[in-house]
Amino acid sequence: MIKREERKLEEIKSKVFESGLAFEAGEIEANEYLQILTNAITELNAWTDDLDRNTKQLAGYGKTTFPSPDDPHFKLQAQTIPYILELHERKDKVELLLLVSLSNK
């Protein structure tokens, strides 16, 4: 089951990476890139919620327990948090770029 979650994460990362390259090359506009980042953040938030539920179920459904740091779901989720923060930073930069470009018109 962890492989499915890893594939989903890699799909999201790949789409963001490819769109970032396209944006830097001028192949897509800032609005389109912003939308891709927003969608990726939304998908990752839902993905981490699902992963969190899976982790808690494996740790002991119905009990007040905490997942083991060795749990692969927990590790994957922990590795993803910095990436989500990075996407928020990128999104903020693109929004600022759009705001500046609008104010210069």
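You'll find the structure just up there.
Residues numbered from 1 in each chain as written. Predicted model: local features only at pLDDT ≥ 70, side-chain atom pairs only at ≥ 80, totals over all residues. Heavy atoms only, no water.

> Tell me about the pattern of salt bridges, residues and numbers included.
Inspection of the entire model under this criterion finds 5 salt bridges. A salt bridge links Arg4 to Glu5; the shortest N-O distance between them is 3.8 Å. Residue classification places Glu5 among the buried residues on the basis of a relative accessible area of 6%. (Salt bridge = Lys/Arg side-chain N within 4 Å of Asp/Glu carboxyl O. Buried < 20%, exposed > 50% of the residue type's maximum accessible area, 1.4 Å probe, protein only.)

> Would you mind going over helix α3 (residues 72-103) in detail, with residue names and values included?
The end-to-end C-alpha distance of α3, which contains 32 residues, comes to 47 Å, matching closely the 46 Å that a straight helix rising 1.5 Å per residue would cover. Along α3, the sharpest kink reaches roughly 25 degrees, centred on Ile81 and followed within four residues by the proline Pro82. (Helix = DSSP H or I, 4+ residues; strand = E, 2+ residues; numbered from the N terminus. Expected span 1.5 Å × (residues − 1). Bend = angle between axes of the 7 residues up to and from the residue.)

> Could you give me a rundown of the packing of aromatic side chains, with the residues and numbers involved?
In this structure the tally under the stated criterion is 1 aromatic pair. Ring plane angle 15 degrees and centroid distance 4.8 Å describe the contact between Phe23 and Tyr33, whose orientation is recorded as stacked. One end of the pair, Phe23, is in helix α1 (residues 2-24); the other, Tyr33, is in helix α2 (residues 30-60), with 10 residues separating them in the sequence. Note on Phe23: relative accessible area 21%, which makes it partly exposed. The residue whose ring lies beneath Lys13 is Tyr83, and the NZ or CZ to ring-centre distance is 5.1 Å. (Phe/Tyr/Trp six-rings, centres within 6.5 Å; stacked < 30°, edge-to-face > 60°. Lys NZ or Arg CZ within 6 Å of the ring centre and 35° of its normal.)

Honestly, it's all geometry; don't read function into it.
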